[in-house]
Amino acid sequence: MRVGVFVCHCGRNIAGTLNIEKIKEEVAKHSGVVHVEDYIFMCSDPGQKLIRDRIKEKNLDAVVVSACSPSLHEKTFRNNAASVGLNPYKVEIANIREWASWPHEGKPEEATEKAIKIIKATVEKVKSNIPLEPLSVPVTRKVLVIGGGIAGIQASLDIANAGLEVYLVEKKPSIGGKMAQFSETFPTLDCPQCIETPKMTEVANHPNIHLYAYSEVVDVSGFVGNFKVKVKRKATYVDWNKCTGCSECAKVCPVKVSSEYDVGVSQRKAIYIMFPQAVPNKATIDPEHCLRLVYGKGCGLCAKTCPAGAINFEQKEKIEEIDVGAIIVATGFDVMDPSLLTEYGGGKYKDVISALQFERILAPSGPTGGKVVRPSDGKEPKTVVFVQCAGSRDPEHYMPYCSKVCCMYTAKQALLYKHAVPNGHAYVFYIDVRTDGKGYEEFYERVLREAEATYLRGKVAEIYKEDGKLKVLGVDTLTGKGVEINADLVVLATAAVPSEGIKELAKVLRIQTDEYGWLKEAHLKLRPLETATSGIFIAGAAQFIRDITDTVSHASGAAAKALSLLSRNRIEREPLVAEVNEEICSGCGNCVEACTYQAIKIDPETNIAKINTALCEGCGACQASCPSAAIQLTNSYKKQLFEMISILAKE
Amino acid sequence: MRVPYFPGCSLKDFADNFEKSAFASASVLGVELVELPEWYCCGVVAPLEEDELIRKVAPARNFLRTKELGGNKLVTLCSMCYNTLKLTNLYMKKNPDKLERINSFMDEEENYDGTVEVIHFLELLRDIVGFEKMREKVKKPLKGLKVAPYYGCLLLRPKEVAIDSLEKPTVMEDLLKSLGAEIVNSPLKKTCCGSYQVINNKEVASKLVYKIITAVTKRGGEAVVTSCPLCHYNLDSLQKDLSDKYPGYKEVPVFYFTQLMALAFGLEEEVLGLEKHEVNPLNLLKSKGLI
């Protein structure tokens, strides 16, 4: 065995802490190592060339690159070696950055010792690695997009325009998402009715897009290129083939329900079309509030009125199965319920509202026709206080993160308010004003001039009602003084939070969420559009709150990822999968339980575990769960692991 | 039940009536507060300075005395003592290397191991005695007495030492309800009382007291109830000048919660020390038939 070890400095990241000369000296003594060499950036072009040259010159038959995490450059170095004829699975990464130089920055000697052990252990592993060929599987060249907001719309259109079929699944009766609820959008003040609804129509009419509104993904099996998806098409109790969207039904329906689309600012009927520009423009009956559906008899006014005879109280939900090769999750975000913010009187005072509710009040298409009135008494508010970071940047109470979009939409709302109520005055409490986008700072400057809003740098401590006004107690940290404002209306820029039900959906998809519920990307910097499960991508605010510009870019990125995956008829998969030693396996089924990918089954005839290599992600959970070491991961065999441990554990 | 008790300076001086009423009420509930045989100033804010370990020695000695009494819980009545001792104790628990150094300053003592838990008397009543049990001991319900609980800051902030929800605390409300009182909810129940500003910037404290008290009277409150001797001092003593400054200002008596407990338990009026109050509470209590 002729192993070559290549030690990367990663600039100062590794060489700033570790003693490279000492590492080279120690590693060179290890059995099987015939060549050791260092370089400042091994991943760079000259670095890779250096490795290729040495493989040829020194006739190496295995390589260890001592550098950063394998999640970053394992593929780079494997492809590099393969280009000169070395089997890529004879290349291993020894992670001496994340495991040694970074965490032990202050202890260079101990860190160097640790790095030497990590490299030697990796050399031991690579010596026993088996050369492998990638697995090749056929793919279904269709894409599932979950969520019909602007992200899902954009991703669907990009893919459909490239010629592939798309299934767009939206849980609400109409696509459009949050963007369709906004009044006007920063920094250009375009109304979403003008810029989003044409795209919604395009989706509805696109020959390559199957739109499943009022539907939910309930089960996903299979693997990259070959997913089997079950979609629940909820009962609308209206035959959408017959419904013309005339809304006569809603006019006669006697039941009023708080409108989700208007965030409680107005009411809808029990049979309703979400909003006039809804796509599809079809009526839906809310079974929780429809008298006929709740009591099983009576009412039926809508059925009597409908000119198309579309009402069908007997309609049942259906499960449809579809096959796709890739999935894009575009489930967006929600805003924190203002009633959680008790110190601001959220949920207690009618005139303390969320910014999303204020969007509906400002919207020309909204329930007040764009007339700015407050919810409690319908009067025009003369003093409005905007509270930014309500629930954001507040690790002690709520979310530690910045919700990113609030500074800009608050500025926009202050401007729209001034346009609607010229003799009104707006106060804005902020921690910092963050205007990090094209044209954003300029827009903010415009608001300061035009809206004549008073920006106060500080937090609001308490909001309560006194003498018919909302008393806002805050602090202006620039003057160091406490501030008291008697307001008519308070608008809370409540924190953006992951969308409702995302954790359950993530379970169905077998993808991860972070501690808050935002979808976890495979790598924050380098793979922000991918999940750790291959073939499943993220588009838009489901990964983290972002504005429309960024969402649309992100969604097009996800579409490109899906298109590139499905650009061929077959795809290659990592051959690092589990294997079963049939002689030892007793069929106990521990591994079946351990496997999150449902890749293992116990063969009922032989009572032996069987691996579906197409499903196996090579995570190793089965290996850890097997009491008799009958199931092992290719190139992570027990023998290899023990040899590694014995080096790492040496005093 | 015997529980080690740390008094601190206020409870031995201007606020000794709060201690008396607390001791008397506790014994009604079968709780004996056992004063540490030898105790040291809690240090007020000095022990919270992170880079001066020597200032944490006094709290550490208090915890050693607690353990000598055979307890692992130390009860305080003063919110300031609670806050200082609790934070210092948490610091020592979280930083074993620092605790080792603090121990090395006290070579004549046993080592402190970080196992004492500091609790406020309100927590003992809520979590160990229980307000339901308190209700059973009430002989003279505070019927018709409209009281506004006032928390101040030290029992609620920072979050790691908060005895209740930071923004919506209910412990005093629940306690006073169990005594039969009627609760008046003031939005300023957590607003700063002015604290030590009363010494060198009385004007600041005085303004705050005006706001806090008028927020209570506006909502029909007849009395304010505190859980901190310093809050009590400011809210009570600073009201005298307010009548001159603000015409029509209505004075409101301020109680410490243990005084109302003693009253409701039907104990001797002497333990309340009502004569120490600046704002005379006698008329109010007489009008409700409570004395």
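Remember, it's a predicted structure, so these values are computed and weren't measured experimentally. (Residues numbered from 1 in each chain as written. Chains lettered and ligands numbered in written order. Predicted model: local features only at pLDDT ≥ 70, side-chain atom pairs only at ≥ 80, totals over all residues.)

This brings us to the nonpolar core. Formed by 144 residues in total, the largest nonpolar core has its most connected members in Ile-328, Phe-386 and Val-490 of chain A. When residues in this core are grouped by element, the largest group, 9 residues, is from helix α14 (residues 406-420) of chain A. Not counting residues up to four positions away in its chain, the partners in contact with Ile-328 of chain A are Val-143, Val-145, Ala-155, Phe-537, Ala-539, Ala-558 and Ala-562 of chain A. Counting residues in each nonpolar core, the second largest holds 83 residues, with Tyr-82, Leu-99, Ala-148 and Phe-257 of chain B among its members. (Core = buried A, V, L, I, M, F, W, Y, C linked by C-beta atoms within 7 Å. Buried ≥ 20, exposed ≤ 12 C-beta atoms within 10 Å, placed from the backbone. Helix = DSSP H or I, 4+ residues; strand = E, 2+ residues; numbered from the N terminus. Contact = placed C-beta atoms within 7 Å.)

Residues and elements named next belong to chain A. All of the buried residues in helix α9 (residues 197-205) are Lys-199, Met-200 and Val-203. The buried residues of α9 occupy one face: seen down the axis, they fall within an arc of 105°. Exposed and facing more than 90 degrees away from the buried side of α9 are Pro-198 and Asn-205. Lining the buried residues of α9 we find α7 (150-161), β7 (165-169) and β8 (209-212). (Arc of directions from axis to C-beta.)

Residue and element names in this part refer to chain A. Position of Leu-341 relative to the elements: it lies in the loop between β17 (333-335) and β18 (352-354). Distance from Leu-341 to Val-405, taken between C-alpha atoms, is 19 Å for residues 64 residues apart in sequence. Not counting the four nearest positions on each side in its chain, Leu-341 is found in contact with Gly-346, Ala-390, Gly-391 and Leu-492.

Residue and element names in this part refer to chain B. One open sheet accounts for 4 strands, arranged β2-β1-β3-β4; its pairing is parallel. The open sheet is flanked by β2 (32-35) and β4 (117-120), the only strands paired with a single partner. Looking at each pair of strands side by side, their axes are set apart by 45° on average, direction ignored. Strand direction decides the pairing type here: strand β1 (residues 2-6) and β2, joined by 4 bridges, are parallel. Counted as the bridge partner of Arg-2 is Glu-32 from β2. Against the sheet, helix α5 (residues 121-129) engages β1, β3 (73-76) and β4, with an angle of about 90° to β4. (Pairing = 2+ DSSP bridges. Axes fitted to C-alpha atoms, helices over the stretch in contact; angles between N-to-C directions.)

The subject of this paragraph is the domain arrangement of chain B. Residue and element names in this part refer to chain B. Each assigned domain of chain B is listed here: domain 1 (2-122) and domain 2 (130-287). Between domain 1 and domain 2, the C-alpha centre-to-centre distance is 25 Å. Each partner contributes residues to the interface: domain 1 has 23 residues there, and domain 2 has 28 residues. Counting only elements with at least two residues in the side of domain 1 that touches domain 2, the list comes to α1 (16-28) and α3 (79-94). Per-element tally for the side of domain 1 that touches domain 2: the top contributor is α1, with 8 residues. (Domains from an automatic or database assignment.)

Moving on, we come to the interface of chain B and chain A. Counting residues at the interface gives 5 residues for chain B and 6 residues for chain A. In the side of chain B that touches chain A, the residues fall into 2 nonpolar, no polar and 3 charged. (Nonpolar A, V, L, I, M, F, W, Y, C, P; charged D, E, K, R; others polar.)

A separate point is the sheet that holds β8 of chain A. Residues and elements named next belong to chain A. Taken in spatial order, the 5 strands line up as β8-β7-β6-β16-β27 in an open sheet, and their pairing is parallel. Each edge of the open sheet is held by one strand with a lone partner, namely β8 and β27 (536-538). Direction aside, neighbouring strands of the sheet carry axes that sit 20° apart on average. Where strand β16 (residues 326-329) lies against β27, 3 bridges are found, and the strand directions are parallel.

Averaged over every residue, the pLDDT of chain B is 94; residues scoring 70 or more account for 100%. This prediction of the complex comes with two scores: 0.83 for pTM and 0.83 for ipTM. (pLDDT = per-residue confidence, 0-100.)

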